[in-house]
Amino acid sequence: KEKRRLALNYSEDNLLDVLVHLNLATLEGALTNSALLLFAKEPQRFFVSSEIKCMVFPTTVKAKPILSYQVYRGNVFELVDAAVGFVMQHIDARVGTHDQGAITVEYEIPMSAVHEVIVNAVVHRQFESNGSVEVMLFKDRLEVWNPGQLPYGLTIDSLTQMHSSVPPNPILAHPVYLAGYIERLGTGTTDVVNACVAAGLPLPEFKQDINVFKSIIWRKENPQNGPQSGPQNLADNEQDVNLERQNDPQNDPQNDPQNDPQNDPQKIVSVRCRSLLETIISRPIVSKEELARIHGISVPTLKRDLRSMRRSYDIKWVGPTKGGHWEVKPIK
């Protein structure tokens, strides 16, 4: 309701009034740091570490080789969309049957849980830190790390129960809430727990280490992932901190996915197409440019993927370029 009221009361002609109302600008037009993080075209010019690093590891340890490595830059909304898209295209998914015009895609980890832990990491991180948010997909789990500490008064145990909302960056969090990306009622972490339980996954974990908060979602046991090792392996994975630092992939050309013999190009395209299909179904008004950006590919690559997907689905854009929508129907 609050979002609708803002839309009714303000227009593009008085954008400064909107920013002032949200405490994102002064009456003189000076922008706050939160405004830059939310809406600047290149926020990393001002906040270098506000980028997000996404990695896929073939084992349960943060060590080379790295199957896929991407560094995403952009505003808060772009970072969240890109990181969620990265995870969803690298986990198992099953496309359901056509039912009353809708096609369901069931992922091994619910998208709502992935979205929640990533948006929390991006919005609640400590921006004064030189560290970046890291999203790491292992053989048995998804881990999301963000620089920072739990707000005063919150504990790890309280995160799995109903608790008050105490965002460390409230001016940044409020517009993200208005955009529908987060809840502000303290239900985010409990929603993650409920989504994982409903999907038959082990209980997620939240950990506070020195200056790093970690969210951990365990994957389903399947032949590709191997046995679910469970929480006891976390201590083993983190015994050698120096090894993790030495294995930072940022400047290692050997970790280019194109140079990694473990990558199967056909499999990568197939997984990406499943993720593209899910995004189109869940966000039918998304443009081709936005769709390509979310999944970290170029528009020409997106068009090739769409041609491949049209062998099984009737996918078309209906209406004008601006204001239209996607329609998806399975080919019988």
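Along each chain, residues carry numbers from 1 onward, in the same order as the chain's sequence is written. In view of the model being predicted, local features appear only for residues whose pLDDT reaches at least 70, and side-chain atom pairs are presented and counted only at 80 or more, with totals across whole chains, interfaces and linings using the full set of residues. Processing note: side-chain calculations cover all non-hydrogen atoms of the structure and skip hydrogens and water entirely.

Undergrad: Tell me what's going on with the confidence of the model for the chain, and back it up with residues and numbers.
TA: Confidence of the predictor in every single residue is expressed as pLDDT, which spans 0 to 100. For the chain, the average pLDDT comes to 77, and 73% of its residues sit at 70 or higher. Here, two residues are considered to be in contact whenever any of their heavy atoms come within 4.5 Å of each other. Predicted confidence for residues 1–10 stays below pLDDT 50, and this span has 13 contacts to residues more than four positions away or in other chains. Within the model, the stretch residues 223–265 combines pLDDT values under 50 with 67 contacts to residues more than four positions away or in other chains.

Undergrad: Requested: an account of the pattern of salt bridges, with residues and values cited.
TA: Side chains bearing opposite charge may pair, as long as their charged atoms lie close to each other. Put simply, a salt bridge is a Lys or Arg side-chain nitrogen that is within 4 Å of an Asp or Glu carboxyl oxygen. This structure, assessed with the given rule, holds nine salt bridges. Of the charged contacts, one joins Asp81 and Arg293 as a salt bridge, the two residues approaching to 3.9 Å between their closest N and O atoms. Here the residue Asp81 occupies a position in helix H4 (residues 76–88), and Arg293 occupies one in helix H11 (residues 288–294), the gap between them amounting to 212 residues. Its salt-bridge partner being Lys214, residue Asp209 comes within 2.8 Å of it at the nearest N-O pair. Here a strand is any run of E in DSSP of at least two residues, a helix any run of H or I of at least four, and the numbering for each starts at the N terminus.

Undergrad: I'd like to hear about the pairing of strand E5 (residues 133–137), residue by residue, with values.
TA: A 1.4 Å probe rolled over the protein chains alone gives each residue an accessible area, and that area as a share of the maximum for its type sets the label: buried under 20%, exposed over 50%, partly exposed in between. The buried count for E5 comes to five of five residues, which makes it a mostly enclosed element. What you see with E5 is no split at all: Val133, Val135 and Leu137 on one side and Glu134 and Met136 on the other are buried throughout. Relative to E5, strand E1 (residues 52–56) runs parallel, the two sharing five bridges. Counterpart to Val56 in the pairing with E5 is Leu137. Strand pairing is defined by DSSP finding a minimum of two bridges between the two strands. As paired elements, E5 and strand E6 (residues 141–147) share four bridges and run antiparallel to each other. Note that in E6 the partner of Met136 across the bridge is Glu143. The antiparallel hairpin formed by E5 and E6 contains three residues in its connecting segment.

Undergrad: I'd like to hear about the packing of aromatic side chains, residue by residue, with values.
TA: Under the pairing criterion, centres of Phe, Tyr and Trp rings, with the six-membered ring standing for Trp, must be within 6.5 Å; the plane angle then separates stacked pairs below 30 degrees from edge-to-face pairs above 60, leaving the rest tilted. Evaluation of the coordinates by the stated rule reveals six aromatic pairs. Seen from their ring centres, Tyr72 and Phe86 are 6.4 Å apart, and the 75 degrees between their planes marks the pair as edge-to-face. One end of the pair, Tyr72, is in strand E2 (residues 68–72); the other, Phe86, is in helix H4, and 14 residues separate them in sequence. A relative accessible area of 1% means that Phe86 is categorised as buried. What links up through ring pairs into an aromatic cluster is the set Phe39, Phe77 and Tyr181.

Undergrad: Just give me the short version of the packing of helix H5 (residues 111–124) against helix H7 (residues 188–198), but keep the residues and values in it.
TA: Between H5 and H7, the least distance of the axes is 9 Å, while the angle of their chain directions is 155 degrees. As summarised for this structure, H5 and H7 are arranged roughly antiparallel, according to the angle between their axes. Where H5 crosses over H7, the two elements pack in a sense that is left-handed. In contact with Ser112, Ala113, Glu116, Val117 and Asn120 of H5, H7 contributes Gly188, Thr189, Val192, Ala195 and Cys196. For this classification, Asp, Glu, Lys and Arg are treated as charged, while Ala, Val, Leu, Ile, Met, Phe, Trp, Tyr, Cys and Pro are nonpolar and the rest, including Gly, are polar. Of the residues in the contact of H5 with H7, the class split is five nonpolar, four polar and one charged. Angles here are taken between N-to-C directions and fall from 0 to 180 degrees, while the axes themselves are lines fitted to C-alpha atoms, restricted in helices to the stretch in contact. Working rule for angles: under 35 degrees goes down as roughly parallel, over 145 as roughly antiparallel, 65 to 115 as roughly perpendicular, anything else as oblique. Crossing handedness follows the turn of the near helix against the far one: under a right angle anticlockwise gives a left-handed crossing, and clockwise gives a right-handed one.

Undergrad: Give me the packing of H4 against H5: which residues, what numbers.
TA: Packing of H4 against H5 leaves a shortest axis separation of 9 Å and a crossing angle of 140 degrees. Overall, the two elements H4 and H5 adopt an arrangement that is oblique. Both H4 and H5 take part in a crossing whose hand is right-handed. Residues Val76, Leu79, Val80, Ala83, Val84, Val87 and Met88 of H4 touch H5, and the partners they reach there are Met111, Val114, His115, Ile118, Val119, Val122 and Val123. Each residue belonging to the contact of H4 with H5 can be placed in one class, and the counts come to 13 nonpolar, one polar and no charged.

Undergrad: Help me get a handle on the sheet that holds E6, residues and values and all.
TA: Pairing is mixed across the open sheet formed by six strands, whose spatial order is E2-E1-E5-E6-E8-E7. Looking at strand neighbours, the two that pair on one side only are E2 and strand E7 (205–209), the edges of this open sheet. For this sheet the average axis-to-axis angle between neighbouring strands, irrespective of direction, equals 15 degrees. As paired strands, E1 and E2 are joined by five bridges and run antiparallel to one another. Within E2, the position partnered with Val56 by the bridge is Ser68. In this fold H5 packs onto E1, E5, E6 and strand E8 (212–218), with an angle of close to 15 degrees to the strand it touches most, E6.

Undergrad: So, the environment of Ser50: which residues are in play, and what are the values?
TA: Tracing the chain through its elements places Ser50 in the loop between helix H3 (33–39) and E1. Sequence separation of Ser50 and Ser129 is 79 residues, and the distance between their C-alpha atoms is 9.3 Å. Once residues within four sequence positions are removed from consideration, Ser50 is found in contact with Leu37, Pro43, Gln44, Leu79, Arg125 and Phe127. Within the structure, the side chain of Ser50 is placed 2.7 Å from the backbone oxygen of Phe47, a separation counted as a polar contact. By the criterion applied in these results, polar contacts are pairs of N or O atoms within 3.5 Å in which, for protein atoms, one can donate a hydrogen and the other can accept it, and in which residues neighboring in sequence qualify only through two side-chain atoms.

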